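Coordinate analysis (summary)
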Amino acid sequence: MSNTIYIEYNFSVSPLQPGSDILIAELGEAGFESFVENEEGVLAYIQKEDWNENILETVEILDNSIFEVGFSIKEIEQENWNATWEKNFEAIQVADQCVVRAPFHEKPDVAFDIVIEPKMSFGTGHHETTYMMLQFVLENDFEGKDVLDMGSGTGVLAILAALKKAAHIDAIDIDNWCYLNAKENVERNNCSHISVFEGDSSLLGERKYNVILANINRNILLADIPVYAQNLRENGALFLSGFYEEDIPLISETCLKAGLKFEKNLQKNNWVAVKYVF
Ligand SMILES: C[S@@+](CC[C@H](N)C(=O)[O-])C[C@H]1O[C@@H](n2cnc3c(N)ncnc32)[C@H](O)[C@@H]1O
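What you see is a predicted model; the values in this text were computed from it and never measured.

**Some thoughts on the environment of E8**
Following the sequence through the fold, E8 ends up in strand β1 (residues 5–11). Under the C-beta neighbour-count criterion, E8 is labelled partly exposed, with 18 such atoms within 10 Å. For E8 and V94, which are 86 residues apart along the polypeptide, the C-alpha to C-alpha distance reads 30 Å.

Structure representation (structure tokens):
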């Protein structure tokens, strides 16, 4: 094993606090590779060769701080990497039927066992929005359906849709790291009928889906909802998450304008997931 040195930043911000997701997104843009959210805060990792001491200057949320962030830095070697994950990454159970776990966890006795290489925070089931989207996938019929997972992260939603016998799934993420991670997880879970792409909604063209899943963020969703509506078949379902309770009116107005009908919403710690049908 090579001896890559990582710098670990430890941000003392609660994962339940609005803003921790923006912090992670901005750290990702600044070059941080992986994140772990735990009770104490957010751990963020960057390879030492990609690091410089001004790395946090582009992380805007730290300037217009909507929360207090304190941090410490330590160097870790790659050999410690798995141990760090094992310490911080717990398997997540969604309803009785589904467990999202890392390869080093014991195989559970459930209908849907999803193994994710936990290299990033989004798409491990720990975040409220992922959890609610998994709940939606569990409680809806996917058999024989063509599915789009937009903003697929680790690919966790696409993988559950595949385990629920969807006919085919396109998983798309704008981020190269997520694209590579989703490909790896799709293979790990033997889901040959998931195609993973790097990009955004401009890739969709005329493709039609029975189900579209998009757990991204408020602004991307507001821009993309009309595109999703165009790519849904009649009676198709759109599941959205990645926004807060206070964003519901704007999301709802945009969905209704695009010809979609409201069906259901879920809420967890101020985060929301909604189902609309076409
Ligand atoms: C909140 S994570 C969701 C990951 C996973 N689907 C889940 O439910 O846990 C949002 C993902 O959307 C991706 N993303 C952000 N903007 C996007 C865009 N315009 N088009 C496609 N993906 C985007 C991010 O890279 C990130 O992986």
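Now that the structure has been shown, we can carry on.
**What about the UniProt feature "binding site: S-adenosyl-L-methionine" (unreviewed entry) in the protein chain?**
Under the UniProt annotation, "binding site: S-adenosyl-L-methionine" (unreviewed entry) lies at T130, G151, D173 and N215. Excluding residues within four positions of it along the chain, G151 makes contact with D173, A214, N215 and I216. Structurally, D173 can be placed in strand β9 (residues 168–173). D173 has contacts with G151, S152, G153, C178, Y179, A182 and E198, leaving out every residue within four places of it along the chain.

**Some thoughts on the site of the ligand**
With respect to spatial proximity, 21 residues lie near the ligand, and among them T130, G151, G153, D200 and N215 are the closest. At the level of secondary structure, the elements contributing two or more residues to the shell around the ligand comprise α3 (128–139), α4 (156–163) and β9. Counting residues per element, the shell around the ligand draws most heavily on α3, at three residues. When its residues are assigned to classes, the shell around the ligand shows ten nonpolar, eight polar and three charged.

**Describing the packing of α3 against α4**
Close contact between α3 and α4 brings their axes to 10 Å; oriented N to C, the two are set at 15°. Between α3 and α4, the interaxial angle falls into the category roughly parallel. Here the hand of the crossing between α3 and α4 comes out right-handed. Contacts between α3 and α4 involve T130, M133, L134 and V137 from the former and V156, L157, L160 and A161 from the latter. Broken down by class, the residue content of the contact of α3 with α4 amounts to seven nonpolar, one polar and no charged.

**Notes on the pairing of strand β8 (residues 146–150)**
Two faces, one strand: in a regular strand the side chains alternate between the faces of the sheet. Counting buried positions along β8 gives four out of five residues, so the element sits mostly inside the fold. Sheet topology places β8 next to β9; five bridges connect them, and they run parallel. By the bridge assignment for β9, D149 is matched with A171. Following the backbone out of β8, through α4 and into the adjacent parallel β9, one traces a crossover that is right-handed.

Scoring rules and cut-offs
Residues numbered from 1 in each chain as written. Predicted model: local features only at pLDDT ≥ 70, side-chain atom pairs only at ≥ 80, totals over all residues. Helix = DSSP H or I, 4+ residues; strand = E, 2+ residues; numbered from the N terminus. Buried ≥ 20, exposed ≤ 12 C-beta atoms within 10 Å, placed from the backbone. UniProt positions renumbered as here; feature names shortened; annotations may be inferred. Contact = placed C-beta atoms within 7 Å. Near = placed C-beta within 6 Å. Nonpolar A, V, L, I, M, F, W, Y, C, P; charged D, E, K, R; others polar. Axes fitted to C-alpha atoms, helices over the stretch in contact; angles between N-to-C directions. Parallel < 35°, antiparallel > 145°, perpendicular 65-115°, else oblique. Left-handed = near helix turned anticlockwise from the far one by under 90°. Pairing = 2+ DSSP bridges. Right-handed = clockwise from strand over helix to strand, strands pointing away.

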